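Close look at the chain arrangement
Chain residues, written in single-letter form:
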Amino acid sequence: MDLVSQMQRQFVDYKNSLFREGFLDDQFKQLLQLQDESNPGFVVEVVSLFFQDSEKLLNNLATALQQQIVDYKQVDAYVHQFKGSSSSIGALKVKNECVAFRNYCDEKNRERCEKCLEQLKREYIAVKNKLGTLFQMERHILLRGGSIPLE
Amino acid sequence: MACSSSSSPPTSIKGAAVDNEERPHVLAVDDSLVDRKLIERLLTNSACKVTTAENGQRAMELLGLGDGQHTINNRESINLIITDYWMPGMTGYELLKKIKESSDLKEIPVVIVSSENVPTRIKKCLEEGAQEFMLKPLQQSDVKKLRFHMMKLSKPTKSMPLPKSAHKF
């Protein structure tokens, strides 16, 4: 098997593993379907926006939870936003973490909210790394003149 | 902070070629940048012209209900408004109310989208005159359905041949 074919095989396997392990769900597949020759960078573009958005939200959440008197409505609003964007790109584990987080906002439990934020950060970083790797594999295939396999 | 108005030229749209005049013009309102990008792509793929706004206030300005500075050229060309329900400042519901209160704009169908399936919220929006309430994230099939509705609802402003892509839906 030549190098490009090998890389293509690895790319497909890696992508499938992300779905299998629950990092990504069907919504990500929707994104892939929206990409075409007229919009070849669509997925990377949307995911980059998600990364920017997420980092802002994580900072805002950290600040909000550091206040002497925590505004749980505000915290909930940020988590709601994060839940929305992660759901829109198919980042399943992140979305699920947001759902759990919102329950603790309702309880106004600072300690649990702080733990949730840590967990949310971990899940976000994990999916960010996974997607980063996926896009890198894609770039390497393209650089060697190969095409990106759909399946 | 300005709204983005971007729609691919007809040649890049999959399926039957539709010329500019036949493409429905949709105003999509959402505070999430990710979701605006998504809805824009979904609508463009369904042969729609898209203008986006990041909040209700901006949407009102574009529709000519605000200070009137930056309205869409010929706002009567808006065939559909899709708005997120939950937005800071003005909710999609509040925007819906303002549109329905305006004699100029009340005929424009408004679709509310939300990530949460709350029956009382859905009822409230439909009672206020929303055309439809849809759950996020939107799928291409949802948008195709909306496109079909727009074809049926659009008032003929001049004699137009049957849209070429109508049979697809």
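Nothing here was measured: the structure is a model prediction, and the numbers come from that model.

Notes on the state of the cysteines
Residue and element names in this part refer to chain A. Taken as a whole, this structure holds zero disulfides over all chains when the rule is applied. Cys105 forms no disulfide, and the closest cysteine sulfur to it belongs to Cys113, at a distance of 4.3 Å. Cysteine Cys116 shares no disulfide, and the gap to the nearest cysteine sulfur, in Cys113, comes to 6.1 Å.

Overview of the interface of chain A and chain B
Between chain A and chain B, the residue contacts involve 22 residues of the former and 18 residues of the latter. Summing the contributions of chain A and of chain B, the shared interface buries around 1800 Å²; its carbon and sulfur component is 57%. Of all residues in chain A, Leu34, Leu49 and His80 of chain A bury the most surface against chain B, accounting for 28% of the area lost on that side. The partner of Arg102 of chain A in a salt bridge is Glu116 of chain B, with the nearest N and O atoms 2.9 Å apart. Of all the elements in the fold, those that place two or more residues in the side of chain A that touches chain B are helix H2 (26-34), helix H3 (42-66) and helix H4 (72-89) of chain A. Among the elements that line the side of chain A that touches chain B, the one with the most residues is H4 of chain A, at eight residues.

Here we look at the pattern of salt bridges
Following the criterion strictly, the structure yields 16 salt bridges over all chains and no others. Across the salt bridge formed by Asp13 of chain A and Arg9 of chain A, the nearest N and O atoms sit 3.2 Å from each other. Remark: Arg9 of chain A and Asp13 of chain A occur in helix H1 (residues 3-20); sequence separation between them is four residues, near one turn of the helix. Among the residues examined, Arg9 of chain A registers a relative accessible area of 44% and is labelled partly exposed. Between Asp26 of chain A and Lys29 of chain A there is a salt bridge; the shortest N-O distance is 3.7 Å. Taken together, the residues Asp26 of chain A and Lys29 of chain A, both in helix H2 and three residues apart, mark about one turn of the helix. Shared partners join several salt bridges into a network, and the residues in it are Asp76 and Arg102 of chain A together with Glu116 and Arg121 of chain B.

Comments concerning unusual backbone geometry
In this chain, Lys136 of chain B is followed by Pro137 of chain B through a cis amide linkage whose omega measures -5°. Residue placement: Pro137 of chain B occurs in the loop between strand E5 (132-135) and helix H5 (140-153). One non-glycine residue, Lys108 of chain A, lies in positive phi territory at about 55°. With respect to the helices, strands and loops of the structure, Lys108 of chain A is situated in the loop between helix H5 (92-107) and helix H6 (110-143). Here Lys108 of chain A falls in the exposed class, since its relative accessible area comes to 56%. Even without glycine at this site, Ala47 of chain B takes up a positive phi of about 60°. Locating Ala47 of chain B in the fold gives a position in the loop between helix H1 (33-45) and strand E2 (49-53).

Some words on the UniProt feature "domain: HPt" (unreviewed entry) in chain A
Look at the UniProt record and you will see "domain: HPt" (unreviewed entry) annotated at residues 39-134 of chain A. Within residues 39-134 of chain A, the helical portion is 88% and the strand portion 0%, while the C-alpha atoms at the span's ends are 18 Å from each other.

Thresholds, definitions, all that
Residues numbered from 1 in each chain as written. Chains lettered and ligands numbered in written order. Predicted model: local features only at pLDDT ≥ 70, side-chain atom pairs only at ≥ 80, totals over all residues. Heavy atoms only, no water. Disulfide = S-S within 2.5 Å. Contact = heavy atoms within 4.5 Å. Buried area = accessible area lost by both parts, 1.4 Å probe. Salt bridge = Lys/Arg side-chain N within 4 Å of Asp/Glu carboxyl O. Helix = DSSP H or I, 4+ residues; strand = E, 2+ residues; numbered from the N terminus. Buried < 20%, exposed > 50% of the residue type's maximum accessible area, 1.4 Å probe, protein only. UniProt positions renumbered as here; feature names shortened; annotations may be inferred.

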